[in-house]
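Coordinates in review
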Amino acid sequence: MKKTYLTYGVILCLIYAYVSFFGIELVDAVETGKWSPKGHSVYHK
Amino acid sequence: MDGKSLKTFNCPQCGSIVEIRAQGLSLSIVCSSCRSIIDSSNETYQILQKAQKVIAYKPLIPLGRRGKLFGTLWEVIGCMERADGTDTYYWTEYLLFNPTKGFAWITEANGHWNFMHKARILPKETNSFNLRNMLNKVNYLGKDYQLYHRGTARVKFVIGEFYWRVQIGDETKVEDYIRPPEILSLEESGTEKTWSIGQYVEAADIKKNFLITEPMPMVSGVSPNQIASFHSYSEDIFKYATLFISIICFIQFYALVDANSKSDFVESFSYTSRAEPMNYTSGSFELNHQYSNLEIELSSDVDNNWIEVGVDLINDETGENREFEMGTEFYSGYDSDGRWTEGSRKNDIVISGIPKGKYHLNLQALGNRSNMSTVNFSVSITHGVLAWKNFFIFVGLLVLFPLLLWWRQRTFEMRRWADSDYSPFRSHQENS
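A short tour of the structure in this document, coming up. Being a predicted model, the structure only gives us computed values, none of them experimental.

**Comments concerning the overall build of chain B**
From N to C terminus, chain B includes four helices and 24 strands. Its C-alpha atoms give chain B a radius of gyration of 40 Å, more than 25% over the compact-globule value 22 Å for 432 residues. With respect to the principal axes defined by its C-alpha atoms, chain B has extents near 120 × 55 × 40 Å. Out of the 432 residues in chain B, the part that is buried amounts to 44%. Within chain B, residue pairs in contact and separated by at least 24 positions form 62% of the contacts whose partners lie at least 6 positions apart. Accessible surface, chain B: about 22,800 Å² in total, of which carbon and sulfur atoms supply 51%. Between the mean site of the 43 positive side-chain charges and the mean site of the 51 negative ones, chain B shows a separation of 13 Å.

This is the structure in structure tokens:
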């Protein structure tokens, strides 16, 4: 369980670093499936 | 413990052969045939207590059975059943003997097992005062133990031999203090105080080590000093969660410093209602960050009116286009309740992941054709806004499992303390 959470946390931190660096809005990326920085990301605040 | 040197004598009550396993140490012994309790401190073998009736009782671990616990080979020499003062809660105690280690106990209550032996030193009764629960504590070998139970214990049944003069009906005051997986028990009889320290043992270990072939007693509830299955990793999970959330906060903090959110561009336009949309082109603005989040705000002076604006964000160098729509509507009036308003004159959206470069906007405005008034609107662009949604989503995903674990821990602890008069959850349990 410890290893599973450790892996889960590391993966989340890496994804977070990636989306933060490339300015990807997560909800939009999940909806559109576009995870590249050129994805069409528009959301209403 | 070679099994060859057992001393025997004839029961003064029924004449059956009685074996002494802990020679010179046993002070009382129960005849396995007539259940009379015999004084075995000397060779006169006086009857201490005649059996009222012979109860057919077969201990789960037979007398004479040997088993290894915590590295020592023990022999079961006695067994007794005890009950609390209300005669509702029963437990079984097996007296163990090892010629070099002396005596020890294994106890069983509700299918939970403990290995007990005499405390090495006298615990300090700190009587520390907890404002909320008025809990008593004792300190043993530098560790605090919390009071769990205070009451009496009465002997209901005995078989085998014991190092004191045991009798059915013997009553002692008992106190249990816990620090899972340990339990510290005090037995007080007259002026004599005996402290024992115990450790939770899995039923499977008892079954395996003492070669028990019978089904083990059914486990019910949580034992006072039982350790939850998730205890071994929960502390590490909480540490990891703290570490990961700190990393996320650090990244967000870095993004916050790096974002340098500022308004780049504001431009105003005027729209007169017509059948066809009106087109506008804004001036250019430049984004210098590798990737930016842009907040685009549309504000207008609509009054009982609406306006829709289609926006194309165009990269001057590559021609790449991002299109989206925005609109504002605002209505107001008076009714029997007074003034009312609906809608807003402002609207904003955030677009993320815009690469650096020079951009301009192409706008296409459309208003209410039946309302011939002129609508003034402006578009402002702020770059470097932070995507807080991401932050909260990731923090939420990271705390999900520790939160679940915390809830399981709390539920487990509440079940542990459910039968205690000294429960730290007492007020909570009474309310629920």
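Once you've had a look at it, read on.
**Quick look at the nonpolar core**
With 29 residues, the main nonpolar core has Leu313, Leu361, Leu363 and Phe377 of chain B as its most contacted residues. When residues of this core are traced back to their parent elements, those giving at least two are strand S17 (262-272), strand S18 (278-281), strand S19 (285-300), strand S20 (305-315), strand S21 (321-335), strand S23 (346-367) and strand S24 (374-383) of chain B. For this core, the element with the highest residue contribution is S23 of chain B, accounting for seven residues. Counting residues in hydrophobic clusters, the runner-up holds 23 residues, among them Tyr5, Val19 and Phe22 of chain A together with Ile237 of chain B.

**What to know about the pattern of salt bridges**
Enumeration according to the criterion identifies 15 salt bridges over all chains in this entry. The salt bridge partner of lysine 2 of chain A is aspartate 236 of chain B, with a shortest N-O separation of 2.9 Å. On the criterion of chain membership, the pair formed by lysine 2 of chain A in helix H1 (residues 2-22) and aspartate 236 of chain B in helix H2 (residues 231-259) is interchain, its members lying in two chains. Lysine 2 of chain A sits in the partly exposed class, given a relative accessible area of 33%. The salt bridge involving glutamate 175 of chain B is made with arginine 150 of chain B; its shortest N-O contact spans 3.1 Å. Taken together, the positions of glutamate 175 of chain B in strand S14 (residues 171-179) and arginine 150 of chain B in strand S13 (residues 143-162) put the pair 25 residues apart, joining distant regions of the chain. Judged by relative accessible area, glutamate 175 of chain B falls into the buried class, the value being 14%. Looking at arginine 150 of chain B, the relative accessible area reads 35%, which means it is partly exposed. Shared partners join several salt bridges into a network, and the residues in it are Glu19, Arg21, Arg66 and Glu75 of chain B.

**Remarks on the packing of aromatic side chains**
When we look at a pair of aromatic rings, we describe it by the centre distance and by the angle of the planes. Residues and elements named next belong to chain B. All chains considered together, the criterion is met by 26 aromatic pairs over all chains. Counting every residue linked through ring pairs, the aromatic cluster contains Phe97, Phe103, Trp105, Phe162, Tyr163 and Trp164. The ring of phenylalanine 330 carries arginine 345 above its face, with NZ or CZ at 3.9 Å from the centroid.

**Quick word on the interface of chain B and chain A**
Counting residues at the interface gives 34 residues for chain B, matched by 30 residues for chain A. Taken together, the two surfaces of chain B and chain A that pack against each other cover about 3,200 Å², and 67% of this comes from carbon and sulfur. Counting every contact that joins chain B to chain A gives one salt bridge. Taken together, chain B and chain A are joined by four residue pairs in polar contact (both at pLDDT 80 or more).

**Some details on the pairing of S19 of chain B**
Residues and elements named next belong to chain B. Strand direction decides the pairing type here: S19 and S23, joined by eleven bridges, are antiparallel. Bridging from a neighbouring strand, glutamate 286 pairs with lysine 358 of S23. The pairing of S19 with S24 spans seven bridges and is classified as antiparallel. Within the sheet, the bridge partner assigned to leucine 298 lies in S24 and is valine 379.

Conventions used here
- Position labels on residues start from 1 in each chain and follow its written sequence.
- Whichever chain is written first is A, and whichever ligand is written first is 1; the rest continue in order.
- pLDDT decides what is reported in this predicted model: residues at 70 or higher carry local features, side-chain atom pairs at 80 or more are listed and counted, and totals for whole chains, interfaces and linings draw on all residues regardless.
- The side-chain numbers reported here are obtained from all heavy atoms of the structure, hydrogens and water having been left aside.
- Starting at the N terminus, helices and strands are each numbered in turn, a helix being any DSSP run of H or I of at least four residues and a strand any DSSP run of E of at least two.
- Two things to know: the radius of gyration comes from C-alpha atoms, and the globule rule equals 2.2 Å times the number of residues to the power 0.38.
- Working definition: with a 1.4 Å probe on protein chains only, accessible area under 20% of the residue-type maximum means buried, over 50% means exposed, and in between means partly exposed.
- We call two residues in contact when some of their heavy atoms are within 4.5 Å.
- What sets the accessible areas is the Shrake-Rupley method with a 1.4 Å probe; for residues, cover comes only from the shown protein chains.
- The charge count treats Lys and Arg as positive and Asp and Glu as negative. His and the chain ends do not count.
- Lys charges are placed at NZ, Arg charges at CZ, Asp charges at CG and Glu charges at CD.
- The set of buried Ala, Val, Leu, Ile, Met, Phe, Trp, Tyr and Cys residues whose side-chain atoms join them within 4.5 Å is what this entry labels a nonpolar core.
- Basic side-chain nitrogens of Lys or Arg form a salt bridge, by our definition, when they fall within 4 Å of a carboxyl oxygen of Asp or Glu.
- Ring pairs are drawn from Phe, Tyr and Trp, using the six-membered ring of Trp, whenever the two centres fall within 6.5 Å, and their geometry is named by plane angle: stacked under 30 degrees, edge-to-face over 60, tilted for the rest.
- Geometrically, a charge over a ring is one whose NZ (Lys) or CZ (Arg) sits within 6 Å of the ring centre while staying within 35 degrees of the ring normal.
- Two parts lose some accessible area (1.4 Å probe) when they are put together, and adding that loss for both gives the buried area.
- Any pair of nitrogen or oxygen atoms within 3.5 Å is treated as a polar contact; in protein, a donor-acceptor pairing is required on top of that, and neighbouring residues in sequence qualify only through side-chain atoms on both sides.
- DSSP calls a pair of strands paired once it identifies at least 2 bridges connecting them.

By themselves, these observations are geometric and do not establish any function.
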